[in-house]
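# Breakdown of the fold
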Amino acid sequence: MFIAGLQETTLLDYPWKVATIIFTSGCNMKCWYCHNWRFVVPEEIKKRSSHMIGEGIFFRFLESRKNILDGVVICGGEPTIHGDLLHFCRKIKSLWLLVKLDTNGSHPEVLSRLIEEKVVDYIAMDVKHSFSPSYNKLIGLDIPMKKFEESINVIRQSHVDYEFRTTVIKWIHTRDDIISIAIFLAGAQHYYLQNYRPWSTLDPEFSWESFTEAELIWFSDDASRYVKTSYRI
Ligand code: SF4
């Protein structure tokens, strides 16, 4: 696994844990509002190629920090597009560290395998929209909705901790979309509504308005009727 970026310590990205976060390069989606576009746009990845961190360096770093870390957060880009993800997670687990995976949910078969092999402890999956044609419009790609539904089911039926999350964007998501997602997720461990931040996006033209905190509370209250919901401003 080549690591495109690394933040040595995060107290925010793995609930209640001290973790290192790594960014894998490349993604199968092209969400207009993506903030991690430096790890998504091929030309940007190429520009950063000389700064990639090899596994050897990364595992030496982990060895030196394993006494102060609880785990590693693997995000991207999209980590599940990489064929060596399973092997990579195994190596992290061999150091007795926890693994949190952030995913767009497009590869349910990869999630299944990671869960079966017990090499992942926490999964955070994006549910980008209600299951309608708007989903594919938002991600800039045609992926069958059943892939996302399958990923949700795989995660929910597993032994791992997890959360589902939607980055909510004014004029893209309606109250009905949020309710529809919450109904689909009914009974899940946790659903987060994350407010869209209108800067540094994959599509520079995409600088739409964010919801107000009052609007987020309103959505969150609605969704809470079906699934435990919180919001992140
Ligand atoms: S938001 Fe996530 S899924 Fe969408 S392009 Fe960015 S990294 Fe990929």
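Everything that follows concerns the structure shown earlier in this document.
Residues numbered from 1 in each chain as written. Predicted model: local features only at pLDDT ≥ 70, side-chain atom pairs only at ≥ 80, totals over all residues. Heavy atoms only, no water.

Quick look at the overall build of the protein now. Counting its regular elements, the protein contains eight helices and eight strands. Radius of gyration (C-alpha) of the protein: 17 Å, near the 17 Å computed for a compact globule of 233 residues. If one aligns the C-alpha atoms of the protein with their principal axes, the spans along those axes are about 50 × 40 × 30 Å. Counting over 233 residues, the protein shows a buried share of 52%. (Helix = DSSP H or I, 4+ residues; strand = E, 2+ residues; numbered from the N terminus. Rg over C-alpha atoms; globule rule 2.2 N^0.38 Å. Buried < 20%, exposed > 50% of the residue type's maximum accessible area, 1.4 Å probe, protein only.)

Packing of helix H7 (residues 175–184) against helix H8 (residues 213–223) leaves a shortest axis separation of 9 Å and a crossing angle of 35°. In this structure, the crossing between H7 and H8 has a hand that is right-handed. Facing Arg 175, Ile 178, Ile 179 and Ala 182 of H7, the residues of H8 in contact are Trp 218, Phe 219, Asp 222 and Ala 223. Looking at the contact of H7 with H8, its residues break down into six nonpolar, no polar and two charged. (Axes fitted to C-alpha atoms, helices over the stretch in contact; angles between N-to-C directions. Left-handed = near helix turned anticlockwise from the far one by under 90°. Contact = heavy atoms within 4.5 Å. Nonpolar A, V, L, I, M, F, W, Y, C, P; charged D, E, K, R; others polar.)

So, about the side chain of Thr 229. With respect to the helices and strands, the residue Thr 229 is situated in strand E8 (residues 229–232). Polar contacts involving the side chain of Thr 229 include one to the main-chain carbonyl oxygen of Val 227, which spans 2.7 Å. (Polar contact = N/O pair within 3.5 Å; in protein donor to acceptor, adjacent residues only side chain to side chain.)

In total, this model carries twelve aromatic pairs according to the counting rule given. Put simply, the rings of Phe 58, Phe 59, Phe 61 and Phe 88 pair up and form one aromatic cluster. Its end group placed over the ring of Tyr 192, Arg 232 keeps NZ or CZ at 3.6 Å from the ring centre. (Phe/Tyr/Trp six-rings, centres within 6.5 Å; stacked < 30°, edge-to-face > 60°. Lys NZ or Arg CZ within 6 Å of the ring centre and 35° of its normal.)

Another point: the site of the ligand. Near the ligand, the surroundings consist of Cys 27, Met 29, Cys 31, Cys 34, Val 40, Gly 77, Asn 104 and Lys 128. In the shell around the ligand, the residues fall into five nonpolar, two polar and one charged. (Near = heavy atom within 4 Å.)

Turning to the nonpolar core, a few remarks are in order. Side chains of a nonpolar character, in soluble globular proteins, are inclined to be buried together. Judged by nonpolar contacts, the single largest core of 61 residues is most densely connected at Phe 58, Leu 62, Ile 74, Phe 88, Ile 92, Phe 164 and Tyr 191. If we ignore the near neighbours within four places in the chain, the residues touching Ile 92 are Phe 59, Leu 62, Val 72, Ile 74, Leu 97, Leu 98 and Val 99. Core analysis: the second largest hydrophobic core is formed by ten residues, Tyr 14, Ala 19, Ile 21 and Phe 39 among them. (Core = buried A, V, L, I, M, F, W, Y, C linked by side-chain atoms within 4.5 Å.)

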